[in-house]
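Descriptive structure summary
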Amino acid sequence: MCRSATQAVADCRRSFDVIAAQPGVQKNKFGLQGASMGRFVAATVAGVEPDLFAHVSLHITGANPVGVMQDGEMDAAWLYQRLQRAGHTHEAIVAMLSPLDPATVAHRINPAKAELVVARNDQVIPAKYSHTLAHKIGLKGEHSDHYAQWPGDHYTAAFLIPGAAKSMVDRLAIDEL
């Protein structure tokens, strides 16, 4: 799991280089979006390379993957149980997933360029982990332009992602970026 996530972070970073090298591409207009499990990759890339992206949008997400798996329901709980059935102790799971915790690099993400949107009734990622990530990024207030709650749960909130993508495009179209 860690190798795959590390590879995904590297692939995302390399993708930026490939796209940025194309003629006519404005490097200062890049946005990065991650939802659910994809937020690990997006938040890590944004934290490791905070100057690459004009906007970072993280949806239905939070910090502390081990806590999410222990306290969350459905897919998160299933994954934790599956790792334990495979013979991993709690300590081994913590050691494996700690490097993937977006909270470890979230302080490097510019809060003025970030947006965190969570599901009001998220049964997979408990609200306390979303609040932790928001705090680590430096986002203030749950109902601001940069930190908001969508109606619905973890899965129904996914239907709102196309609107969030349009919002990111609109933010990137601003001339001051």
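A few points on the structure. All chains use their own residue numbering, which begins from 1 and follows the written sequence. Only residues with pLDDT of 70 or above have their local features reported here, since the model is predicted, and side-chain atom pairs are shown and tallied only from 80 upward, although totals for entire chains, interfaces and linings are computed over all residues. Side-chain measures were taken over the full set of non-hydrogen atoms in the model, leaving aside hydrogen atoms and water.

**Comments concerning the overall build of the chain**
Cut-off, in case you're wondering: Helix numbering and strand numbering both begin at the N terminus, where a helix is a DSSP run of H or I of at least 4 residues and a strand a DSSP run of E of at least 2. We compute the radius of gyration over the C-alpha atoms and compare it with the globule rule, which gives 2.2 Å times the number of residues raised to the power 0.38. Buried residues are those whose accessible area, probed at 1.4 Å on protein chains only, stays under 20% of the maximum for their type, while exposed residues exceed 50% and partly exposed ones sit between those limits. The criterion used for residue contact is that any of the two residues' heavy atoms lie within 4.5 Å. Only the protein chains shown count as covering a residue, and every accessible area follows the Shrake-Rupley method with a 1.4 Å probe. Under the counting rule used here, the positive set is Lys and Arg, the negative set is Asp and Glu, and His together with the chain ends is not counted. A charged residue contributes its charge at one atom only: NZ of Lys, CZ of Arg, CG of Asp or CD of Glu.
A tally of regular secondary structure across the chain gives 7 helices and 4 strands. Taking 2.2 N^0.38 as the reference for a compact globule, 177 residues should give roughly 16 Å; the C-alpha atoms of the chain span a radius of gyration of 16 Å, in line with that estimate. When the backbone C-alpha atoms are referred to their principal axes, the chain occupies close to 50 × 35 × 25 Å. Every one of the 177 residues in the chain was classed for burial, and the buried ones make up 43%. Long-range pairs, those at least 24 residues apart, make up 74% of the contacts in the chain with a sequence separation of at least 6. Within the structure as shown, the chain displays about 9,200 Å² of accessible surface, and the carbon and sulfur contribution to it stands at 57%. Side chains of the chain give 16 positive and 17 negative charges; the mean places of these two sets differ by 4 Å.

**Comments concerning helix α7 (residues 161-172)**
Rules: A helix is expected to span 1.5 Å for every residue after the first. Relevant arc is that of directions from the helix axis to the C-beta atoms, nothing else.
For α7, with 12 residues, the first-to-last C-alpha span of 16 Å sits near the 16 Å given by 1.5 Å per residue. Along α7, the positions that sit buried rather than exposed are I161, A164, M168 and L172. All buried residues of α7 fall inside an arc of 80 degrees around its axis, so they share one side. When the buried face of α7 is taken as reference, the exposed residues oriented beyond 90 degrees from it are P162, K166 and V169.

**Section: the nonpolar core**
Stated formally: Definition used in this section: a nonpolar core is a set of buried Ala, Val, Leu, Ile, Met, Phe, Trp, Tyr and Cys residues joined via side-chain atoms within 4.5 Å.
If you look at the biggest cluster of nonpolar residues, it comprises 26 residues, and the most contacted ones within it are L32, F53, L58, L116, L133, I137 and L139. Among the elements of the structure, α1 (2-20), α2 (38-48), β2 (55-59), β3 (114-119) and α6 (127-137) are those that each provide at least two residues to this core. Every residue in contact with L139, bar those within four places of it in the chain, is listed here: P111, A114, L116, A134, H146 and Y147. Judged by nonpolar contacts, the second largest core, of 16 residues, contains A5, A76, L97 and I125.

**Looking at the pairing of β3**
For clarity, the cut-off: In this scheme, strands are said to pair when DSSP sees at least two bridges between them.
Counting buried positions along β3 yields 6 of 6 residues, so the element is predominantly enclosed. What you see with β3 is no split at all: A114, L116 and V118 on one side and E115, V117 and A119 on the other are buried throughout. Examined bridge by bridge, β2 and β3 share 4 bridges and lie parallel to one another. From the neighbouring strand, V56 faces β3, where its bridge partner is A114.

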